[in-house]
Amino acid sequence: MSTVAVPNEQLLEEVREVNLGYLVLAQHMIRADKAQAMYRLGISEEVAAVIDPLCTAQLMKIAGANQLSCRFRFDDDMVWNLLTNHSKSRATGTGAVAGLHANIVMAGQIADVGN
């Protein structure tokens, strides 16, 4: 497996695109159902309150940062294993249980962050 070097400017443009997409989606979700958005995005009420009123120019400015504005919500091996083995276990009927278990673990992680 070979790796292809991607120019730095292209990577930064991709980061900006991801940031803008994430921020627009987050704002849309927050405006539609704040509680559900907070749960699905793994964000606090304070972060939701900051994102909600942003205008397009502010979203573009934040998106233009050279760092991702979103991150993986979990760094737990158990959650990754539950999610990645989900499709493998469908044949045995345990896929749905693994997916549910992953959601429960991630929900608990969100609750821990809020405290």
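No experiment lies behind these values; they were computed from the predicted model shown.

**Digging into the pattern of salt bridges**
Counted according to the given criterion, the structure contains 4 salt bridges. Across the salt bridge formed by Glu13 and Arg16, the nearest N and O atoms sit 3.2 Å from each other. Of the two residues, Glu13 and Arg16 both sit in helix 1 (residues 8–32), 3 residues apart, roughly one turn of that helix. Residue Glu13 is classed as partly exposed on the basis of its relative accessible area, which comes to 36%. Overall, Arg16 belongs to the partly exposed group, its relative accessible area being 22%. Across the pair Glu45 and Lys34 runs a salt bridge, and its minimum N-O distance is 3.7 Å. With a gap of 11 residues between them, Glu45 in helix 3 (residues 45–51) and Lys34 in helix 2 (residues 34–41) connect regions that are remote in the sequence. With a relative accessible area of 46%, Glu45 lands in the partly exposed category. Of the residues examined, Lys34 reaches a relative accessible area of 34% and is grouped as partly exposed. Each of the salt bridges in this network shares a partner with another, and the network as a whole consists of Glu9, Glu13 and Arg16.

Rules used in this analysis
Residues numbered from 1 in each chain as written. Predicted model: local features only at pLDDT ≥ 70, side-chain atom pairs only at ≥ 80, totals over all residues. Heavy atoms only, no water. Salt bridge = Lys/Arg side-chain N within 4 Å of Asp/Glu carboxyl O. Helix = DSSP H or I, 4+ residues; strand = E, 2+ residues; numbered from the N terminus. Buried < 20%, exposed > 50% of the residue type's maximum accessible area, 1.4 Å probe, protein only.

That's the geometry; what it means functionally is another story.
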